[in-house]
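# Coordinates in review
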Amino acid sequence: MEVKIGVQYAQRELVLESAQTQAEVEQAVTEAMAKDGVLTLTDEKGRKVIVPIAKVAYVEIAEKSERPFGFTTR
């Protein structure tokens, strides 16, 4: 699952590949918002990303997209 987190006053968004499902990521965001705490997600390599929920502008959750390489016809 690809997760993009927009952080207030930051030039770029945080992008991570997570092994969590879309429902799990959505639940983590919802719980963090309810508690006004921190959003904690884990990427595919086991690294944790912790963001104060008060600074989160948006969270985009999408299926991991495979990028084509080489010569392809469309």
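These remarks concern the structure in this document. (Residues numbered from 1 in each chain as written. Predicted model: local features only at pLDDT ≥ 70, side-chain atom pairs only at ≥ 80, totals over all residues. Heavy atoms only, no water.)

## Things to note about the sheet that holds strand β5 (residues 56-62)
Pairing in this open sheet of three strands is antiparallel, and the strands run β2-β1-β5 from one edge to the other. Each edge of the open sheet is held by one strand with a lone partner, namely β2 (14-17) and β5. Across the sheet, the axes of successive neighbouring strands diverge by a mean angle of 15 degrees, strand direction being ignored. Pairing geometry for strand β1 (residues 2-7) and β5, over six bridges, is antiparallel. Looking across to β5, one finds that V7 is bridged to V56. (Pairing = 2+ DSSP bridges. Helix = DSSP H or I, 4+ residues; strand = E, 2+ residues; numbered from the N terminus. Axes fitted to C-alpha atoms, helices over the stretch in contact; angles between N-to-C directions.)

## Some words on helix α1 (residues 22-35)
Given 3.6 residues per helical turn, the α-helix brings residues three or four places apart onto the same face. Its 14 residues place the ends of α1 20 Å apart at the C-alpha level, agreeing with the 20 Å of an ideal helix rising 1.5 Å per residue. Turning to α1, its buried residues number three or more, namely V25, A28, V29 and A32. End-on, the buried residues of α1 take up no more than an arc of 95 degrees, which puts them together on one face. Along α1, the residues that are exposed and aim more than 90 degrees away from the buried face are A23, A34 and K35. Its buried side turned inward, α1 meets β1, β3 (38-42) and β5. Following α1 by one or two positions, D36 has its phi on the positive side, about 55 degrees. (Expected span 1.5 Å × (residues − 1). Buried < 20%, exposed > 50% of the residue type's maximum accessible area, 1.4 Å probe, protein only. Arc of directions from axis to C-beta. Contact = heavy atoms within 4.5 Å.)

## A look at unusual backbone geometry
The phi torsion at Y9 lies on the positive side, around 65 degrees, for a residue other than glycine. If you trace the backbone, Y9 turns up in the loop between β1 and β2. One non-glycine residue with positive phi stands out, namely D36, at about 55 degrees. Here D36 shows up in the loop between α1 and β3.

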